[in-house]
Amino acid sequence: KQEVTQIPAALSVPEGENLVLNCSFTDSAIYNLQWFRQDPGKGLTSLLLIQSSQREQTSGRLNASLDKSSGRSTLYIAASQPGDSATYLCAGLGSGGSNYKLTFGKGTLLTVNP
Amino acid sequence: NAGVMQNPRHLVRRRGQEARLRCSPMKGHSHVYWYRQLPEEGLKFMVYLQKENIIDESGMPKERFSAEFPKEGPSILRIQQVVRGDSAAYFCASSPSASEAYEQYFGPGTRLTVT
């Protein structure tokens, strides 16, 4: 059974700092790894999707990497801004017969202080 | 192209009442997934539906919960005789096809409060 853990649970940084959010998963047979952003009371916004054959994806100031052998993914945010404040969720998509089931971590609550 | 729509956004029910949560997938999407986010917990898969078919309901509690996705109209998640422990945010996602299940688009969620 896939389990996803995110560390830290909360992070507070000053504006402009570069930061790394961590995600680990127990079953390396995941199909892909996805990072989402969740704002308070809102839905989920997909940030980056790393397919099983890929090692990383980049979008603007965001870079996500995936190391299936170690069961880890990281989300790197460069030059953080107050608008980046949100909860960041990592989710793995199962492989084989359950390649539609996303397993989520509990998230990292990020606060970027101006 | 409108995104995934869910209504109501907030729902308050007393213990013992029924809750009906609706999800309209993105245009052209025929696959719907429901997830539940309990307080202080991650989102958990509940059920996967195609039009008129339940593909996987392994994440749904065995009693009081049911889901459908009729040929016409939205997908419905129904909770009978709600209890306080059902208070959570319920998210719906959709994808165009089974082979594109890796790309699920999420709605804004319905926040259910049971008093």
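Definitions and cut-offs
Residues numbered from 1 in each chain as written. Chains lettered and ligands numbered in written order. Predicted model: local features only at pLDDT ≥ 70, side-chain atom pairs only at ≥ 80, totals over all residues. Heavy atoms only, no water. Helix = DSSP H or I, 4+ residues; strand = E, 2+ residues; numbered from the N terminus. Rg over C-alpha atoms; globule rule 2.2 N^0.38 Å. Buried < 20%, exposed > 50% of the residue type's maximum accessible area, 1.4 Å probe, protein only. Pairing = 2+ DSSP bridges. Disulfide = S-S within 2.5 Å.

*Asks:* Requested: an account of the overall build of chain B, with residues and values cited.
*Replies:* Counting secondary structure elements, chain B contains zero helices and eleven strands. Along its sequence from the N terminus, chain B presents helices and strands in the succession β-β-β-β-β-β-β-β-β-β-β. A globule of 115 residues ought to have a C-alpha radius of gyration of about 13 Å, and chain B, at 13 Å, matches this closely. Expressed as lengths along the three principal axes of its C-alpha atoms, the size of chain B is roughly 40 × 25 × 25 Å. Among the 115 residues that make up chain B, the fraction classed as buried is 47%.

*Asks:* Describe the overall build of chain A, naming the residues involved and giving the relevant values.
*Replies:* Looking only at helices and strands, chain A features zero helices and eleven strands. Listing the helices and strands of chain A from first to last along the sequence gives β-β-β-β-β-β-β-β-β-β-β. Considered along the principal axes of its C-alpha atoms, chain A spans approximately 45 × 30 × 20 Å. Within the span of chain A, comprising 114 residues, buried residues form 42% of the whole.

*Asks:* Help me get a handle on the pairing of strand β5 (residues 44-51) of chain A, residues and values and all.
*Replies:* The pairing of strand β4 (residues 32-38) of chain A with β5(A) spans seven bridges and is antiparallel. Across the sheet, residue A:F36 finds its bridge partner in β5(A), namely A:S46.

*Asks:* Please set out the state of the cysteines residue by residue, giving values where relevant.
*Replies:* A complete count under the given rule lists two disulfides over all chains for this structure. Between the sulfur atoms of A:C23 and its disulfide mate A:C90 the distance is 1.8 Å. Separated by 67 residues along the polypeptide, A:C23 in strand β3 (residues 19-25) and A:C90 in strand β9 (residues 86-93) bring together distant segments of the chain. The pair A:C23 / A:C90 is uniform in exposure class, with both members buried. With a sulfur-sulfur separation of 1.7 Å, B:C23 is cross-linked through a disulfide to B:C92. Classification of the bridge connecting B:C23 and B:C92 rests on its S-S torsion, roughly -40 degrees, and on that basis the disulfide is left-handed. Highlighted residues: B:C23 in strand β3 (residues 19-24) and B:C92 in strand β9 (residues 88-95), separated in sequence by 69 residues. Judged by its relative accessible area of 0%, B:C23 is buried.

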